[in-house]
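Here is how the chains run, residue by residue.
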Amino acid sequence: MTDANHNEFLRVEGVSKRFGITQALSDVTVSFRAGEVHALMGENGAGKSTLGKAIAGLHKPDTGTITLDGQPLKLGSIDDAFAAGVRIVHQELAQCPNLSVAENLCLHDMPRGRFGTVNFEEMARRAAELVHRLDPTINVSKPLGGLSPGKRQICQIAASLEDGAHRGGSSPRVIVFDEPTSSLSIAEADRLGEIVRELASQGLTIIYVSHRMGEIFSCCDRVSVLRDGKFVATNDVKGLDEATLVEQMIGRRVVTPTGKMQTSGGEAGALREVSGISGEHAHIGGIVLRATSISSPGKLRGVSLEVRRGEILGIGGLVGGGRSELLAAIFGLDPKASGSIELEGQSLPLGDVRASIRSGLGLVPEDRRHEGLFFQLGVDENIIAPRMPLLANRGFPFGLRHEGEENRVVAEKIRTFQVKAARTSSKPSELSGGNQQKLLIARWMGKETKVLLLDEPTRGIDVGTKVEVYKLIREAVEKGLAVVLVSSEMPELLALSDRIMVLADGVCTGTLEGDDMTQINILTLATREVGAA
Amino acid sequence: GEQEASKAPAKSGEEGATPAAAAQTYTFGVIAKAEQNPVFQAARVGAEAAAKKLSEENEGVTVTINWRTPATEDAQKQAEFVELLTSQGVDGIAISCTDANLLKSSIDAAAAGNVPVVTFDSDAPESARFAYYGVDDKAAGVKVMQELAQQMGGSGVVAILSGNPNSANLSARVDGVREEAARQDGIEVRDVFYAPETAADMAAKMQQVQTSNPDITGWALVGGWPLYTDNALDGIYENAKVVSMDPLPLPLEYVKAGQVQVLVGQPYYGWGYESVMLLFDKVHNGKDPASVMNYAQFDIVNSDNVDEYAANWEVWDPKGAK
Amino acid sequence: MLRRLASAQEAGLVLVILIMGTLLTVMGGTKQKQFRIAIPEGASIVEYDASGSETPPGTISLQQIAGWRVTGDGSPTTYARDEGYSYNATQRAFFGRKTVSKFLDRENLVLVAKDASFIAIMAVGMTAVIVLAGIDLSVGSIYGLSALIGAMALQKFTNAETGLLLSVPLGIGICSLVGLACGAVNGVMIVGLRVHPFVITLGTMAAYRGLIFVISGGQSVGNFPESFTSGFFKAEIAGTYPVPVIFMLVVGAIGMFVLSKTVVGRQVYAIGGNETAAKYAGIPVGKDKVIVYAMLGLLAGLSAAVYLGYLGAAEPNAGMTYELKVIAATVIGGASLMGGRGSAIGAVLGAIVIQLIDNGMIILEIDQSFNQIVMGVAIIIAVVIDQAKTRFAPKG
Amino acid sequence: MLRRLASAQEAGLVLVILIMGTLLTVMGGTKQKQFRIAIPEGASIVEYDASGSETPPGTISLQQIAGWRVTGDGSPTTYARDEGYSYNATQRAFFGRKTVSKFLDRENLVLVAKDASFIAIMAVGMTAVIVLAGIDLSVGSIYGLSALIGAMALQKFTNAETGLLLSVPLGIGICSLVGLACGAVNGVMIVGLRVHPFVITLGTMAAYRGLIFVISGGQSVGNFPESFTSGFFKAEIAGTYPVPVIFMLVVGAIGMFVLSKTVVGRQVYAIGGNETAAKYAGIPVGKDKVIVYAMLGLLAGLSAAVYLGYLGAAEPNAGMTYELKVIAATVIGGASLMGGRGSAIGAVLGAIVIQLIDNGMIILEIDQSFNQIVMGVAIIIAVVIDQAKTRFAPKG
Ligand SMILES: Nc1ncnc2c1ncn2[C@@H]1O[C@H](COP(=O)(O)OP(=O)(O)OP(=O)(O)O)[C@@H](O)[C@H]1O
Ligand SMILES: Nc1ncnc2c1ncn2[C@@H]1O[C@H](COP(=O)(O)OP(=O)(O)OP(=O)(O)O)[C@@H](O)[C@H]1O
Ligand SMILES: [Mg+2]
Ligand SMILES: [Mg+2]
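It should be emphasised that the depicted structure is a prediction, and the values quoted were computed from it without experimental measurement. Along each chain, numbering runs from 1 in the same order as the chain's sequence is written. Chains carry letters from A onward and ligands carry numbers from 1 onward, assigned in written order. Side-chain atom pairs in this predicted model are given and counted only at pLDDT of 80 or more, local residue features only at pLDDT of at least 70, and totals for whole chains, interfaces and linings cover all residues. To get the side-chain values, all heavy atoms of the structure are used, and hydrogens and water are removed first.

### Points about the overall build of chain A
Put simply, the test is: The numbering of helices and of strands both runs from the N terminus, where a helix is a DSSP run of H or I of at least 4 residues and a strand a run of E of at least 2. Only C-alpha atoms enter the radius of gyration; for comparison, a globular chain is expected to reach 2.2 Å times N to the power 0.38, where N is the number of residues. A 1.4 Å probe rolled over the protein chains alone gives each residue an accessible area, and that area as a share of the maximum for its type sets the label: buried under 20%, exposed over 50%, partly exposed in between. Working rule for contacts: check all heavy atoms of both residues, and any pair within 4.5 Å makes them a contact. Residue burial considers only the protein chains on display, and all accessible areas are found by Shrake-Rupley using a 1.4 Å probe. When charges are tallied, Lys and Arg are placed among the positive residues and Asp and Glu among the negative ones, while His and the ends of the chain are skipped. Where a charge lies is defined by one atom per residue type: Lys uses NZ, Arg uses CZ, Asp uses CG and Glu uses CD.
Summing up its helical and strand segments, chain A has 20 helices and 20 strands in all. Taken over C-alpha atoms, the radius of gyration comes to 24 Å for chain A, in line with the 24 Å a tight globule of 533 residues would show. Counting only C-alpha atoms, chain A reaches 70 × 55 × 50 Å along its principal axes. Taking all 533 residues of chain A together, the buried fraction comes to 59%. In chain A, once contacts between residues fewer than 6 apart in sequence are set aside, the share between residues at least 24 apart is 65%. By element, 51% of the accessible surface of chain A is carried by carbon and sulfur atoms, the whole surface being about 20200 Å². The average position of the 61 basic charges and that of the 67 acidic charges among the side chains of chain A differ by 4 Å.

Okay, structure coming up:
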C-alpha cells in the first residue's frame, strides 16, 4: 500500500449507534494505520465492543462511514466486511459447542465440495493450520463444547487469523480483538501478545480492546479512548503515562496497582501502597475455613487450604489448572467432590450449596452472564436471591417474602457497593459490565458472609471500577472477612493476596508468602509438571 | 338477515298483525358429536333440508338451523353449546349426546328455560329432553355381531375394531358386539383393538392384527374408519368376513367389491331431519310426539341393496347438497 | 395486585378484551330472550282465539290461540301470543321474550367467564411451569383422571342426602390429591431422569389417559349428591351459575400472589431466567421444579372438581386436547416459552380471550366449520399483539 | 453413512431394536399361516373319503372328506385334510398351512416397517426443525391438507386409465407443493413475527385442519387410477407392499446426507447450537429457518402422497395427532429439544421403535386396554435409555 493511506488504512467517520435508550456511540471519528496495534480503551459501556462490531459489520451504525484502504465498507454487512478482510474476536464466547472445533473455525465459509457439500478434509486441514499456531494440543475434530473456556477462547482467536486469499477469499487485513485475554491465563495471554505483534509486523491493523493496562503498554502502539460513546483522544503509547490515560477514560485521576507494575518490577508491597491497600497483617485472625484434601475426578486431586479471618488467600495457576473447580467444590457445586470442609470448626457437608450459604460461604462466579445474573429479574432480586429464603417467613407455604427487610438490605448494599442503576428494579442488561460485577459482589458481601470465594472478580471490568472493587474487598477484609481469590491477572493477584497458593492440573504445587510472592515464582509453580490428574 | 328475522315476533306485536299471518321465525340449535366425523355432516344436511321444507310449507314461517358442533368429541364443549344457545334465545335444541351423564344438567336447564330439547343418535335418558330419535348404539353393536355371525356360519374367531376407547358411544357398541358374541357358541372374540381414529392407523392396525393372528375369520368394525380409504382390507378380506358400521360412500365401495359383507347404517340424514321436525311440531304446533322414544330402523346394506342405498348420498353429501 | 394489573403486561390484555367486547356488543346486535312469568297459586288460565272466544287450555291448536288470560285475585292479565308470549303447560308458567344485547347480556358474560374458568385454573399452574422454561402436555389427562377418581369417590362415600360439608371437601380433596400425585410424578421424573419435560409429559399424557380407560372401562361416572352440584358448584345466583368463575378469580389471585410474593415464586422466575445462576445462588432447583409440576397437577385436579360439580359427571374423555388450550391461554397471557416471563392473571385473561373468540363465533353467527381456522389465526394474532407490546415496553 | 451408523448415536437405537426384535421372536411364538396352491389348467380334482373311495368335488359333506387328489399331466398329488389342506372351489385352489414365527414373518416385518414409514418420513424433517431448537405441531395437519388437495387433483386430472408416468409425478408433485407452501408459511411467520414456533404452529395446526374441513366438507376423497395405487405405491413385491418402506429409507438417507454433509445442514446445527454465534458468523439464520420448516412441510406432503397411494383415499382426519408421534420418533431418535443435536437416521429408527412397541402388544397378545399406558411408558423409557447412552458417550 502507498504511504498516502498508510496513516489512514481504516477510517471510522462520524459513527453513531443507538440501542433503544442508550446512545452506545455518538459521532465517533477515529482512524487506524496498517501495521499498528491500536488499543481501544474506555469504561464499561463506553462503546468499545459496539465500535468493534460496527467495523466488522455486525451492527449497522445509524450514521457515519467506515472506509478501508480508501474503499467505503457496506455498513452492517458481515459478508462485505469479511470480504474486505475485517475479522473480529468477540468479547463473549460466540461459538457452537455442539460442533467440532474445525467447523467452528470455518463457520463463516465452510470449504465446499460438489452439490453444496462440505469438504471436511479441507476444513480439518485449514482449521488445524490455524489453531495449531496458538495451541498444538487442540484436536480440531473434537466437539468444541468439551474444551475449557480458555481453550475455546484460543479457538475463537484462531478463527480470526483465517487467510482465504489463495481460494479467492480474503486475507485478514484488520482484526478486532475484543478483550481476548479475559479468559486466558498469563502464559496464554503472553503468547497472544507475541502473535498480535507478529500480525502487526505483517502489515495488519490490529484493534485491541482490553481493560488490562499491562497489555496496553506491553504490546500496543497507539491507544484511542472512548467515554460514554464519545471519542476522547488517540495517544501514542510511547511516552504516555497511565494516569493520563485513566483520566481520559474516567474523567478523574486514580492510581492503579497495574499502573505501578510498569515502573516497579511487580512486587506485592509496592503494589499495595499505590493502590491504597494497607500492607500490614494486623487484622488477620484465626482460621475460618479449612478444606482438607479436596478431590474431584478429572479436575482436582487432594487440594487442601486454610483461610484466616481478615486474610486474602490468592490462588494462581494457568487456565485449566482447576481453580474454578476448587472454588466450586468448596462451595458445594460439585456433586462428585470428596474431602472435608470446616467452617469455624463446624464441618460442612460437601455438595450442598444451601448449607454452605447458611453457614456463611459466598461465591462470585467466573462467568457473570451464565453463572451469576438473572436477566429477567431486577437488580434488587438479583442481589437478594440467595438470602431471600433466610429473610422470609418460612412457616408460610412457599415462604412468605419479607419485602420490607429485603428492600432495606438491597438499598444498603446498593449504597455501600455503589451499584449504579437507574432503579432498583432495573434489569442487569441495563447495567454496564462493571456494575454487573459489583452487583454480584454486593450479593455476597455482608455480615452474613464469613468466607467469600472470588473467581476472576475483575474480569472484563474497567480500571476505574477495578480500583473500586479492590477497595471494597479490602474494606470487607479489614472488617474480618476471609477471601479466597482466583485471578489470572497477575498484578491483581499479587496486590491483593496475603498468601498465594498455586494450582497446576488440579494439584497444589506450592504456597507463596511475603516476598516470595512474585510473578516468576507463581509461573514456575503453575507450570510444574504433575502426574496427569 | 337472521338477526332481523329473530326480532320478528316483537315487531309483529307492535304492528298488531293477526296471529295467523304473523311472520314467525324459529331458530333451532343442532349439536352433533364431532365435525370430524363425516356421518354428522349428513345429519347437518338433513337438518337444513327439514328447515327449508318447513319454511316453504308453512307460509309466514322461517326456520333456521344454528349448527354448533365441537371439532372433536368433547361432551363438556357440547354442554357449553347447550348453555350458550339457550342464552342466545334459540327456540329449540337437537343434540347427539357424547355423554349422557354430563349433558343432563345443561339439557335440564335449557328445558327449564322453555327451550325444548330433542336428542338424536345418543340419548340422555335421565334428562328433561322431550323426545329421542335414532337407534341405540348398543343395539347397533348387537346388530353388527348378528350379521357377522351369520356371515361366518356361526363359528370362528372375531376381532373387534374400535377407536377412542373412552368414547361412550363406541364402548356401547363394543359392549353390544361382545354381548351378542357371547350368545353365539361358535364365536370367540380375540380382543378389542383400538387405534387412533384415522383411516391409516385403523387400516394399519387391522393388517398387523390379521398378520399375527391368521386364525381371525371375522372382523366387527364399530366404526367405518378404515373404510374411508380405498384398499384398507387387502390381506384381510381374503381371510375374514367383515361387517362394519357406517355405510358412507367409500365404505360402500367395499361392499360392491365384496370385501365387506354387510354395513350397518344409522339414520344419519334422519338424525337431523327428524329432530328438526320434532322440534317444529313442539314449538309451532305445540304437539309432543306420540312417544318420547322414536326408534329408527338400521339400514342393513349388503351386495343386494348397495346401489340403491348409495343413491341416498346424492342427497346426503353436504357438498352435493350445498 | 392492582399495581400489577395496571402494569404493561396485563394492561395490554385487558385492552384486547375490552376491544373485543365492544366489537361483539356493537356487531352482535340483539336477541329475543325468554323470561319466565310464574303463575300465582290458584289462578285460572284460559286461552282465547282471534275472535276472542275463551276456552280452557289445550282445547284449540296452538296456531289458533291468540293469547292467554290469567285470572288470579284481582283483574285478569292477558298474554298475547303475537307479543311473543308462550305458555308452558308442564311448568305451568308463561314465558315472555325481551330484546337484549347478544353479548352484553349478564347471562352470556357469566357463561363466557364460566367456560373460560376450567382452562384458566389450569393455566395459572401452567404459567409457573412455563416460567420455569418447562411444559406439561399431560395436564388434560390429569384433569380427566382426577375427575374420574373424584367421581368414583363421591359415588362410594356419598349418597343423595349427603350434605355440602362432606361432599364438597371430599370431591375437592380427592381430585386435588390425585392431580397433585400425577403432577409430582411428572416433576420427579423430569428432575430425576433429566429428560426434557416435553417428552416426560408426552409419555404421561398417554399413560394417564390409558389409566382412565382401564379404571373407567370407558364409562362415565355420574349421579352425585345435590349438595355437590346444584347445591354448590352449580348454585344459581341471579339466574346465572357463577361458582366456577369465583374459583377462577380466587385461583388467579392466589397464583399471582404466590408467584410474586413468595420465595418459591421468585425462585421459579430465577430458575427460568438462568438455571445455572440459580444453582450458584443456592436455589433448590430440583425441589422447586417438582413443586411447580405438582402444583399444576393440583390445579388440574381442582379444575376437575369444579367440572365434576358443575356438570355432574366425569366422562373418560374429559380434558382431551385441553393441554393445548391451556398452553395457548398461558402464552397469550404473556408467558414466554423460553422461560423467565409469565403472569398468573395474564393466563386467566388469556383463557378469557380464547373463550371470547369462541363466543364471538356464536354471537356473530359465523359458520362452525370455520371455527378452527378462526381460532388458529386468532391465537397467533393475540400472541403477536402481546409480544409487540412487550417488545416496546420494558419486558417484565 | 455406515461410519455414522456405527457411531454412538444410532448404534444405541439399532441395539434397542435388535433386542426388541429378539424378544418378540422368542416370546411371540408361532402362527399357522395359509398359503395358496394354484391348480394347473385342465387338471382334474376328486375328493376321497376315509374309505378312500373317490367322488367328484362337492358330492359328500366336508366332514366326510379325507382329502383331495389332483391329476394333472403326470402323477396325481393328494392333499389330505388332516394335514391342514382345504379346497376353495370358488378360487379353484388349495390352501395349505405352514407354521411360521409370529414376528420374524417377512410379511409382518414389512408391515411394521411400512406403518413406521409415514411417521418416519416426517420425522426426518422434524429432526432438522428440532436441531434448530424449533418445533412444529402443525405437521399432522399439513399431512392431512396435502393429502386432501393431492387427492382432489388426482380426481380432477386423472381417470382410471391414466398411466403411472402422469399419476405418480402429479400426486407426489401436488402433495409436496402444498406441504412446502404450508411449511414455508410456518417458517416465514416464525422468522418474520419473531414468535415462538410452538405458538405459530399451534395456530396453524388448527388453521390447516380447519381448512381441510372446509374444503372437504368432512368427506373423504378416493378412487384414483390403478397406476397410482396398486401400480406404484402399493405395488406387490413377493407378497408384501414395501414401497413406503423404500421411500422411508431413501428419505432417511438423503436427510442424513443433507444434515451431516452439506453446508446448509451444518449451518442448521450451528444455529441450534448458538444462534448468536451463527449470526456473527454471517450464517443466514432467518433464511435457513424458513428452508427447514418448508422442508418439513415438503416431507409431510411426500408422506401424504405415499399415504394416498398406499390407501387410495384422503380422509379429513388424516394425520390427526401425528405431530406428537413424529416428535416422539425424533426425540427417541436422539434429537435434543434444546437444539443442536439430532440425527435423521435416528429419527427413522425412532419411528420404527414406536411401531415395534405397538406390534409387540399385538404379538404378545397383551390386553389392548393397556395400549396407551404401555405406549406412554415405553416412550419415556426409550428416551431415557437413549440419553443415558449419550450422557456417557461424548456428545456431538
Ligand atoms: N445489543 C444491544 N442492545 C442494547 N444495548 C446494547 C447492546 N449492545 C450494547 N448495548 C449498550 O451499549 C452501550 C455500549 O456497550 P458496549 O458493549 O459497546 O460497551 P463496552 O465498551 O464494550 O463495555 P465493556 O467494557 O463492558 O465490554 C452499553 O450501555 C450497552 O448496555
Ligand atoms: N466447560 C467445560 N467443559 C469441559 N471441561 C471444562 C470446562 N471448563 C473447564 N473444564 C475443565 O476443567 C478444568 C479446569 O477448568 P478451568 O479452565 O475453569 O480451570 P481454571 O483454573 O478455573 O481456569 P480459569 O478459571 O482461569 O478458566 C480443566 O481441565 C478444563 O479443561
Ligand atoms: Mg465490550
Ligand atoms: Mg475458572
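There is more to say after this.
### Things to note about empty space enclosed by the protein
As a reminder of what qualifies: Cavities and pockets were defined on a 1 Å grid built over protein atoms only: a cavity is a set of grid points that admits a 1.4 Å probe from which the probe cannot escape, a pocket is an open set flanked by protein on both sides within 12 Å along at least five of seven lines, and lining residues are those with an atom within 4 Å of any such point. Grid points are joined across faces, edges and corners, and a volume is the space filled by probe spheres set on the points. The classification used treats Ala, Val, Leu, Ile, Met, Phe, Trp, Tyr, Cys and Pro as nonpolar, Asp, Glu, Lys and Arg as charged, and all other residues, Gly among them, as polar.
A full pass over the atoms with the stated rule returns 10 cavities of 30 Å³ or more. When its volume is computed, the second largest cavity comes out at roughly 400 Å³. Taken together, 23 residues make up the lining of the second largest cavity; nearest its centre are Ile88(A), His90(A), Ala159(A), Tyr280(D) and Ala281(D). For the lining of the second largest cavity, the secondary structure elements donating two or more residues are helix H2 (78–83), strand S6 (86–89), helix H3 (101–105) and helix H5 (149–160) of chain A together with helix H10 (275–280) of chain D. With four residues, the single largest contributor to the lining of the second largest cavity is H5(A). Looking at the lining of the second largest cavity, its residues break down into 15 nonpolar, six polar and two charged.

### So, the site of ligand 1
Residue and element names in this part refer to chain A. Counted only if it meets this: Being near a molecule or strand, for a residue, means having at least one of its heavy atoms within 4 Å of it. Between N or O atoms, a polar contact is any pair within 3.5 Å; within protein, one atom must be a potential hydrogen donor and the other a potential acceptor, and residues adjacent in sequence are included only when both atoms are from side chains.
By nearness alone, 14 residues border ligand 1, and Asn44, Gly45, Ser49, Thr50 and His211 come closest of all. Interatomic distance of 2.7 Å between a side-chain N/O atom of serine 49 and an oxygen atom of ligand 1. Contacts to ligand 1 include threonine 50, whose side-chain N or O atom sits 2.6 Å from an oxygen atom. For ligand 1, the protein covers 70% of the area, taking 630 Å² as the surface of the free molecule. Where the shell around ligand 1 is concerned, the elements lending two or more residues are strand S2 (22–32) and helix H1 (48–55). No other element matches H1, which puts three residues into the shell around ligand 1. Here the residues of the shell around ligand 1 are counted per class, giving three nonpolar, eight polar and three charged.

### Considering the sheet that holds strand S8 (residues 205–209) of chain A
Residue and element names in this part refer to chain A. Convention followed: DSSP bridges decide pairing: two strands pair if at least two such bridges lie between them. Axis definition: a line fitted to C-alpha atoms, over the contacting stretch in the case of helices. Angles run 0 to 180 degrees between N-to-C directions.
Ordered in space as S6-S7-S8-S3-S9-S10, the six strands form an open sheet in which the pairing is mixed. In this open sheet, the two edge strands, each paired with only one partner strand, are S6 and strand S10 (230–236). With direction set aside, neighbouring strand axes in the sheet form an average angle of 20°. Summarising the sheet, strand S3 (residues 37–41) and S8 pair through four bridges and their orientation is parallel. The residue bridging histidine 38 from the neighbouring strand is isoleucine 207, located in S8. Strands in contact with H5 are S6 and strand S7 (174–178); relative to S6, the strand with the most contacts, it is inclined by about 175°. Packed onto the sheet, helix H8 (residues 242–250) meets S3, strand S9 (222–227) and S10 and runs at close to 30° relative to S9.

### Things to note about the confidence of the model for chain C
Counted only if it meets this: Scored between 0 and 100, pLDDT is the confidence that the predictor attaches to each residue.
Residues of chain C with pLDDT of at least 70 account for 96%, and the chain-wide mean is 90. The complex model carries a pTM of 0.90, and its ipTM stands at 0.88.

### A few points about the coordination of the magnesium ion (ligand 4)
Residue and element names in this part refer to chain A. Formally: Counted as coordinating are nitrogen, oxygen and sulfur atoms within 2.8 Å of the metal, or 3.2 Å for Na, K and Ca, while water is not included, which may make sites look incomplete. Under the classification used here, a metal with four donors is tetrahedral if each angle lies between 85 and 135 degrees, square planar if opposite donors are over 155 degrees apart and the others between 65 and 115, a six-donor metal meeting that same test is octahedral, and anything else is irregular.
All of the protein donors around the magnesium ion (ligand 4) are Ser324 (OG), Glu366 (OE) and Glu366 (OE); their distances to the metal are 1.6 to 2.6 Å. Classification of the site at the magnesium ion (ligand 4) as irregular follows from its six donor atoms and the range of 50 to 160° in their angles at the metal. You can see serine 324 sitting in helix H11 (residues 323–331) and its partner glutamate 366 sitting in the loop between strand S16 (361–364) and helix H13 (368–372), a full 42 residues away along the chain.

### Regarding the interface of chain A and chain D
Threshold: Note on definitions: buried area is the accessible-area loss of two parts on being combined, 1.4 Å probe, summed for both. The salt bridge criterion pairs a side-chain nitrogen of Lys or Arg with a carboxyl oxygen of Asp or Glu, the two atoms within 4 Å.
Across the boundary between the two partners, chain A contributes 23 residues, which contact 19 residues of chain D. The junction of chain A with chain D conceals about 1700 Å² of combined surface from both sides, 63% of it contributed by carbon and sulfur atoms. Looking only at chain A, the three residues that lose the most surface to chain D are Asn98(A), Leu107(A) and Phe120(A), adding up to 25% of its buried area. Applying the counting criterion to the chain A and chain D interface returns one salt bridge. Between Glu103(A) and Arg266(D) there is a salt bridge, with the nearest N and O atoms lying 2.4 Å from each other.

### A word on the environment of Ala495(A)
Tracing the backbone shows Ala495(A) in helix H19 (residues 490–496). Spatially, the C-alpha atoms of Ala495(A) and Arg11(A) are 39 Å apart, while their sequence positions differ by 484 residues.

### Some words on the site of ligand 2
Residue and element names in this part refer to chain A. Around ligand 2, 17 residues are found, and the nearest of them are Arg152, Gly320, Arg323, Ser324 and Glu366. Within the side chain of glutamate 456, an N or O atom sits 3.5 Å from an oxygen atom of ligand 2. Taking 600 Å² as the accessible area of ligand 2 by itself, protein coverage stands at 76%. For the shell around ligand 2, the elements supplying multiple residues, two or more each, are H5 and H11. Element by element, the count of residues in the shell around ligand 2 is highest for H11, at three residues. Among the residues making up the shell around ligand 2, the classes are represented as four nonpolar, eight polar and five charged.

### Some points on helix H13 (residues 344–363) of chain D
In an α-helix there are 3.6 residues to a turn, and that puts residues three or four apart on one side. Residues and elements named next belong to chain D. For clarity, the cut-off: To estimate how far a helix should reach, multiply one less than its number of residues by 1.5 Å.
With 20 residues, H13 extends 28 Å between its outermost C-alpha atoms, agreeing within 8% with the 28 Å of an ideal straight helix rising 1.5 Å per residue. Buried residues dominate H13, accounting for 20 of its 20 residues. The backbone nitrogen of isoleucine 345 lies 3.4 Å from a side-chain oxygen of the residue at the head of H13, namely serine 343. Immediately downstream of H13, the backbone of glutamate 365 shows phi near 50°, a positive value.

### Section: the side chain of Thr158(D)
In this fold, Thr158(D) is placed in the loop between helix H4 (139–157) and helix H5 (164–193). A distance of 2.4 Å separates the side chain of Thr158(D) from the backbone oxygen of Leu154(D), its partner in a polar contact.

### Let's talk about the packing of aromatic side chains
Formally: Between 30 and 60 degrees the pair is tilted, below 30 it is stacked and above 60 it is edge-to-face, where a pair is any two Phe, Tyr or Trp rings, Trp via its six-membered ring, whose centres lie within 6.5 Å. Each ring is checked for a lysine NZ or an arginine CZ that lies within 6 Å of its centre and within 35 degrees of its normal; such an atom marks a charge sitting over the ring.
Within the structure shown, the criterion is met by 42 aromatic pairs over all chains. Ring centres of Phe232(C) and Phe233(C) lie 4.8 Å apart, and the angle between their planes is 85°; this geometry places the pair in the edge-to-face category. Given the relative accessible area of 25%, Phe232(C) is considered partly exposed. For Phe233(C), a relative accessible area of 0% corresponds to the buried category. Through pairs of rings, three or more aromatic residues link up here, namely Phe40(B), Phe120(B), Tyr268(B), Tyr269(B), Trp271(B), Tyr273(B), Tyr309(B), Trp313(B) and Trp316(B). Taking the ring centre of Phe130(B) as reference, the NZ or CZ of Lys282(B) above it sits at 5.2 Å. Against the face of Tyr310(C) rests Lys234(C), its NZ or CZ located 4.9 Å from the ring centre.

### Regarding the environment of Asn186(C)
Residues and elements named next belong to chain C. Position of asparagine 186 relative to the elements: it lies in helix H5 (residues 164–193). Given a relative accessible area of 0%, asparagine 186 falls into the buried group. Spatially, the C-alpha atom of asparagine 186 lies 51 Å from that of glutamine 91, the residues being 95 residues apart in sequence.

### Comments concerning the interface of chain C and chain B
Residue-level contacts link 61 residues of chain C with 56 residues of chain B. Here chain C and chain B share an interface that buries about 4800 Å² over both sides, 43% of which is from carbon and sulfur atoms. The largest contributions to the chain C side of the interface with chain B come from Asp82(C), Ile362(C) and Gln368(C), which together make up 14% of the buried area. Where chain C touches chain B, the interface holds four salt bridges. With a closest N to O distance of 2.3 Å, Lys77(B) and Asp358(C) form a salt bridge. Seen at the junction of chain C and chain B, the total is 22 residue pairs in polar contact (both at pLDDT 80 or more). Considering only residue class, the side of chain C that touches chain B consists of 23 nonpolar, 20 polar and 18 charged.

### Here's the deal with the pairing of strand S2 (residues 61–67) of chain B
Residues and elements named next belong to chain B. Judged by how many residues are buried, S2 sits mostly within the fold: six of seven residues are covered. In this sheet, S2 lies alongside strand S1 (residues 24–31) in parallel orientation, the contact comprising seven bridges. When the bridges of S2 are listed, glutamine 24 appears paired with valine 61.

### Considerations on the arrangement of the chains
Of all five pairs of chains in contact, the one with the most contacts involves chains B and C. Without any contact between them, chain A and chain B keep their closest C-alpha atoms 34 Å apart.

### A few points about the sheet that holds strand S7 (residues 93–101) of chain C
All names here are of chain C. Pairing in this open sheet of three strands is antiparallel, and the strands run S1-S7-S6 from one edge to the other. Strands with a single pairing partner mark the edges of an open sheet, and in this sheet they are strand S1 (30–38) and strand S6 (86–88). Adjacent strand axes in the sheet meet at a mean angle of 40°, parallel and antiparallel pairs treated alike. Relative to S7, S1 is paired through nine bridges, and the arrangement is antiparallel. When the bridges of S7 are listed, glutamine 32 appears paired with threonine 99.

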